Amino acid sequence: MKQKKFIILAIVIIIIVAFIGFSFKKTNKNYSNEPIKIVALFPLTGGLASYGEPAQKMAQIAVKDINDAGGINNRKLEIDYQDHKCDPKEATSIFQQALDVNKVKIFTSVACSGTVSAVSPLMKNDNALLLGTIITANKLSGISPYVFRNWASDKNEAKLFADEIKKRGYKKIGVIYEETDYAKGLKLSLEEFLKDSGIEIVSESFVSGSTDVRTQLSKIKQAKVEMLFISPQTVTSGDIVLKQIKELGLNKTALFVNDNIIKAKDLVSKYADVLEGAIGGDYIMKRDEKTDKILAKYREAYGVDCPQTNICSGVYDAINLLADAIKSKGYDVAGVKSYLESVDYAGISGQISFDEKHDRKNADYSLFLIKNGKAELYNQ
Amino acid sequence: MDIIPQIIINSLVAGAIYALISLGFNLIYGATKFFNLAHGIVVVIGGYSILCFVKFLGLNIYLGVVISVIISGILGYCLDRFVYLPLKRKKASNMVLLVASLGIFTALQGIISIIFSSQFQSLSENSEQVVFSFFNGFITETQIIILISLVLIGLGLILLLHKTQFGREVRAINDDEEVAKIIGIHTNKIIGRVFFIGSAIAGYAGILVGYDTGLEPTMGLSLLLKGVIASIIGGVGSIYGGILGAFLLGFVENFGILKISGGWKDAIAFGLLIIFLIFRPRGIINK
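Throughout, a residue's number is its position along its own chain's written sequence, starting from 1. A letter from A marks each chain and a number from 1 marks each ligand, given out in the order of writing. Thresholds applied to this predicted model are a pLDDT of at least 70 for local features of residues and 80 or more for the giving and counting of side-chain atom pairs; totals over whole chains, interfaces and linings are not thresholded and use all residues. Side-chain numbers come from the whole structure's heavy atoms, not from hydrogens or water.

Draft legend 1. The sheet that holds strand β4 (residues 129-133) of chain A, seen in detail. All names here are of chain A. Strand order in the open sheet made by the 5 strands is β2-β1-β3-β4-β5, with parallel pairing throughout. Looking at the sheet topology across the chains shown, the edges are occupied by β2 (77-83) and β5 (147-149). Between one strand axis and the next, the sheet turns by 25 degrees as a mean value, whatever way the strands run. Any two residues having at least one pair of non-hydrogen atoms within 4.5 Å are treated as being in contact. Only the stretch in contact is used when fitting a helix axis, every axis being a line fitted to C-alpha atoms; angles between N-to-C directions are given from 0 to 180 degrees. Here a strand is any run of E in DSSP of at least two residues, a helix any run of H or I of at least four, and the numbering for each starts at the N terminus. Contacting β1 (36-42), β2 and β3 (106-110), helix α3 (residues 88-100) crosses the sheet at an angle of about 175 degrees to β1. When DSSP finds at least two bridges between two strands, those strands are taken to pair.

Here it is in structure tokens:
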């Protein structure tokens, strides 16, 4: 009996020792030469894949540049690209998995404010940090102490629209928007800026995935608005709305479009007749020799120019910023956070620093005019 | 009100699309008594077949439509032959068949995404559409084709079911498959043909939707749901019920958002479904 007890005790001790040894080995991994991992939440498929694809390609160039220059404290940088499909549910599931299972703490993302809005409550007690590019919804300003955005709030875009609307003397305007944080956020900001102007706003919405917005457009047409602002979340829904605007003969109304349409060069050229004279807004980053040098690497690597130079520049800087932060403070959320809060970084997209709400400082939008199927800067 | 003719046109077009989907769905449900969720992906495959043949391979549009419709029909037939029939032979319940059809839906949707990407695809090369003005409302050439197609397919199906031996056999299976077997009807063969016809109609609906709005691999689910709602409120398994339910759904959806925001459109559709499920679960045509 005693011998049996002894054997059981010995087995338990062996298991405990093995467990401790395994844990020790695992802990040691953090100090080994294993690559430092960042998860990139990009829209690689879906309605904004046209942003995700160049973003991923540019991120690969950034990683190569960082690793060729010696990596992060002699460790390679590795990015795990994940497709959030512009879907908050998908983003949450990927984020949770990366956080809990793969123990990733540093994230970067591209596009779809709703995805960042969905994952931000999961970041607490220094467990994770996200630096996003082209996430624009106004509600993301200060949404979490762990969310930074290398972009401007689109409230600035709405302000420019509101000023232009007042200048043109419109008395009644229409808005058709998608029910998402970004697209609806723009409409809410526009309403806020036009609140006391006496301008009547006729708003209509549609849910993501809708393929028929004809009744909403018919109501706007019936209201005899002088201008229609189109705010889709994705290029796909922008295509559907513009097609149906044309079918219903609403293209004779003056149009304002959000930055997603301005960025979608194919869409602007496809609906050149509908969009002729339309006003749009977008955030343009600085471009100089340094920017051109990096963009040339994109052309060299992939045989084409980056179709979204703002996104490419922004993503390149975001990856380099995170790499610098980890190099300086270690793979530690609190350290990276304090680094970003005080950074003044000379990136290829201009000087980067963040305000108290973690939005990129000095990031101004500009108005664009669509002429002959192309968007050009609007000189008011 | 100036807007009414346009809303009526919008409702008719939406109703016609739902009706085309519910026609095939009801035809198959009538014969098999299970919810074939794979019907939604057959719609998508019809749309992507035409994209492949006409836009990528440059085939004549009429030939492309015929080939795409046949492909959709064959797909439906194969699903019955190689998935549902073996399951039925193993005495699988309708729930098992439903789950299998959901699996087929998901798998084929994934395959379409891999082959064609998840991107939205437009069947027309440019934004040009022939638009007609009708009582102060606008209707496109594609939408007129949708309405005419529904009338022709609906009439054709009614004639097929009521004036042919095949139709009588289908109706006998609808009433009671076991009794149909006893009186000598080769039920499996007839059900296979029903799958072919129902799926061919679904594929044709996918082509029309592709030309009307565009294509996405994920569009099947929302179209299927609207087709199923139309079937349930009209009377599941009934051809007339499906058409009636589809137009009721189209009109309620479009007139329902006349005074409230369009974001409520889907909520109205599902609200209508719930009302019918509570107060008239067997639909308008109480089969």
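Draft legend 2. Layout of the interface of chain A and chain B. At the interface, 29 residues of chain A touch 33 residues of chain B. Once two parts are joined, some of their accessible surface, as seen by a 1.4 Å probe, is lost; buried area is that loss totalled over both. For the pair chain A and chain B, the summed buried surface comes to about 2,600 Å²; carbon and sulfur atoms form 48% of the total. Per-residue buried area on chain A facing chain B is highest for T215(A), K243(A) and E247(A); these three make up 21% of the total on that side. A pairing counts as a salt bridge when a side-chain nitrogen of Lys or Arg comes within 4 Å of a carboxyl oxygen of Asp or Glu. Summed over the shared surface of chain A and chain B, the result is 2 salt bridges. Its salt-bridge partner being K265(B), residue D212(A) comes within 3.6 Å of it at the nearest N-O pair. N or O atoms within 3.5 Å of each other form a polar contact, as long as, within protein, one can give a hydrogen and the other can take it, and as long as residues adjacent in sequence are counted only when both atoms are side-chain atoms. Summed over the shared surface of chain A and chain B, the result is 14 residue pairs in polar contact (both at pLDDT 80 or more). Put simply, Ala, Val, Leu, Ile, Met, Phe, Trp, Tyr, Cys and Pro go in the nonpolar bin, Asp, Glu, Lys and Arg in the charged bin, and everything else, Gly too, in the polar bin. Partitioning the side of chain A that touches chain B into residue classes produces 6 nonpolar, 10 polar and 13 charged.

Draft legend 3. Region of interest: the state of the cysteines. Two cysteine sulfur atoms make up a disulfide if the distance between them is within 2.5 Å. As enumerated under the stated definition, the model contains 2 disulfides over all chains in all. In this model C86(A) forms its disulfide with C112(A); the gap between the sulfur atoms is 1.9 Å. Between C86(A) and C112(A) the sulfur-sulfur dihedral comes to about -100 degrees; the bridge is accordingly left-handed. Placement of C86(A) in the loop between β2 and α3 and of C112(A) in the loop between β3 and α4 (113-119) is noted, with a sequence separation of 26 residues between them. An identical accessibility class is assigned to C86(A) and C112(A); each is buried. The disulfide bridge from C306(A) ends at C312(A), spanning 2.0 Å between sulfur atoms. Between C306(A) and C312(A), the S-S dihedral sits near 90 degrees, and the bridge is therefore right-handed. Under the relative-accessibility criterion, C312(A) is labelled buried at 0%. Along chain A, the cysteines engaged in disulfide bonds are linked according to the scheme 1-2, 3-4 when indexed in sequence order. Looking at C78(B), it has no disulfide partner, and the nearest cysteine sulfur is the one in C52(B), 18 Å off. Only protein chains enter the accessibility calculation, which uses a 1.4 Å probe. A residue is then buried if its area is under 20% of the maximum for its type, exposed if over 50%, and partly exposed in between. The exposure class of C78(B) is partly exposed, given its relative accessible area of 26%.

Draft legend 4. Spotlight on the nonpolar core. All names here are of chain B. Core analysis: the largest hydrophobic core is formed by 80 residues, its most contacted members being Y84 and V194. Sorting elements by how many residues they give to this core places helix α1 (residues 3-32) first, with 14 residues. Each residue touching Y84, except ones within four places of it in the same chain, is listed here: F34, N36, A38, L79, L97, S101, I104 and F195. For the purposes of this section, nonpolar cores are sets of buried Ala, Val, Leu, Ile, Met, Phe, Trp, Tyr and Cys residues that join through side-chain atoms within 4.5 Å.

Draft legend 5. Here's a closer look at the confidence of the model for chain A. With 92% of its residues at a pLDDT of 70 or more, chain A has an overall mean of 90. A low-confidence stretch, residues 23-31 of chain A (pLDDT under 50), is modelled with 2 contacts involving residues beyond four sequence positions or located in other chains. Every residue is assigned a pLDDT by the predictor, reflecting its confidence on a scale from 0 to 100.

Draft legend 6. Structural context of the pattern of salt bridges. Evaluation of the coordinates by the stated rule reveals 29 salt bridges over all chains. Taking the shortest distance from any N to any O, the salt bridge between E53(A) and K57(A) comes out at 3.1 Å. Residue E53(A) and its partner K57(A) are both found in helix α2 (residues 49-68); the two are separated by 4 residues, about one turn of the helix. Note that K181(B) and E178(B) form a salt bridge whose closest N and O atoms lie 3.9 Å from each other. Of the two residues, K181(B) and E178(B) both sit in helix α7 (residues 177-182), 3 residues apart, roughly one turn of that helix.

Draft legend 7. Broad picture of the packing of helix α2 (residues 39-56) of chain B against helix α8 (residues 187-212) of chain B. Residues and elements named next belong to chain B. Contact geometry for α2 and α8: axes closest at 7 Å, N-to-C directions at 60 degrees. Classified by the angle their axes make, α2 and α8 are oblique. When you trace α2 past α8, the crossing you get is right-handed. Contacts from H39, V42, V43, G46, G47, I50 and V54 in α2 reach G198, S199, A202, G203, A205, G206, I207 and Y211 in α8. Of the residues assigned to the contact of α2 with α8, the class counts are 8 nonpolar, 7 polar and no charged. Note on terminology: angles under 35 degrees are roughly parallel, angles over 145 are roughly antiparallel, angles of 65 to 115 are roughly perpendicular, and the others are oblique. Crossings are classed by handedness, with left-handed meaning an anticlockwise turn of the near helix from the far one by less than a right angle and right-handed meaning a clockwise turn.

Draft legend 8. The environment of I207(B), seen in detail. Residue and element names in this part refer to chain B. Tracing the chain through its elements places I207 in helix α8. On the basis of relative accessibility, which here comes to 2%, the residue I207 falls in the buried class. Between the alpha carbons of I207 and V43 there is a distance of 7.8 Å; along the sequence they are 164 residues apart. Look past the residues within four positions of I207 in its chain and what remains in contact with it is G46, G47, I50, V65, S68, V69 and L123.

Draft legend 9. Region of interest: a nonpolar patch on the surface. All names here are of chain B. A surface patch of nonpolar side chains, about 410 Å² in accessible area, is lined by V66, I70, I74, Y77 and F196. Top contributing element to the nonpolar patch by residue count: helix α3 (residues 61-89), with 4 residues. Summarising the element assignment, V66 is placed in helix α3. A relative accessible area of 47% places V66 in the partly exposed class. Only residues above 30% relative accessible area that lack a salt bridge enter a patch, with like-charged residues linked at up to 9 Å and the nonpolar side chains Val, Leu, Ile, Met, Phe, Trp and Tyr linked at up to 5 Å. Residue exposure ignores everything except the shown protein chains as possible cover, and the areas themselves are Shrake-Rupley values with a 1.4 Å probe.

Draft legend 10. The arrangement of the domain arrangement of chain A in detail. Residue and element names in this part refer to chain A. Each domain's extent is set by a domain assignment, obtained either automatically or from a database. With domains assigned, chain A is organised as domain 1 (36-152 + 286-363) and domain 2 (155-284 + 366-377). Between the C-alpha centres of domain 1 and domain 2 the distance comes to 28 Å. Contact with domain 1, which involves 23 residues of that partner, is made by 16 residues of domain 2. Here domain 1 meets domain 2 over a buried area of about 1,500 Å², counting both sides, of which 49% is carbon and sulfur. Across the domain 1-domain 2 interface, the total number found is 1 salt bridge.

Draft legend 11. The arrangement of unusual backbone geometry in detail. All names here are of chain A. Here the phi dihedral of N74 falls at roughly 70 degrees; this positive angle occurs in a residue that is not glycine. With respect to the helices and strands, N74 occurs in the loop between α2 and β2. A positive phi angle is found at K224, which is not glycine, with a value near 50 degrees. Relative to the helices and strands, K224 is located in the loop between α7 (214-222) and β8 (227-231). According to the relative accessible area criterion, K224 is exposed, its value standing at 59%.

Draft legend 12. Focus on empty space enclosed by the protein. Residues and elements named next belong to chain A. With a 1 Å grid spanning the protein atoms alone, the term cavity applies to any set of points in which a 1.4 Å probe fits but cannot get out, the term pocket to an open set with protein on both sides within 12 Å along at least five of seven lines, and the term lining residue to any residue with an atom within 4 Å of a point. Grid points are joined across faces, edges and corners, and a volume is the space filled by probe spheres set on the points. Taken as a whole, this structure holds 1 cavity of 30 Å³ or more when the rule is applied. Lining the largest cavity are L48, Y51, A111, C112, S113, I134, T136, Y182, Q233, D259 and N260. Looking at the lining of the largest cavity residue by residue, the classes come out as 6 nonpolar, 4 polar and 1 charged. In terms of domain composition, the lining of the largest cavity takes at least three residues from each of domain 1 (36-152 + 286-363) and domain 2 (155-284 + 366-377).

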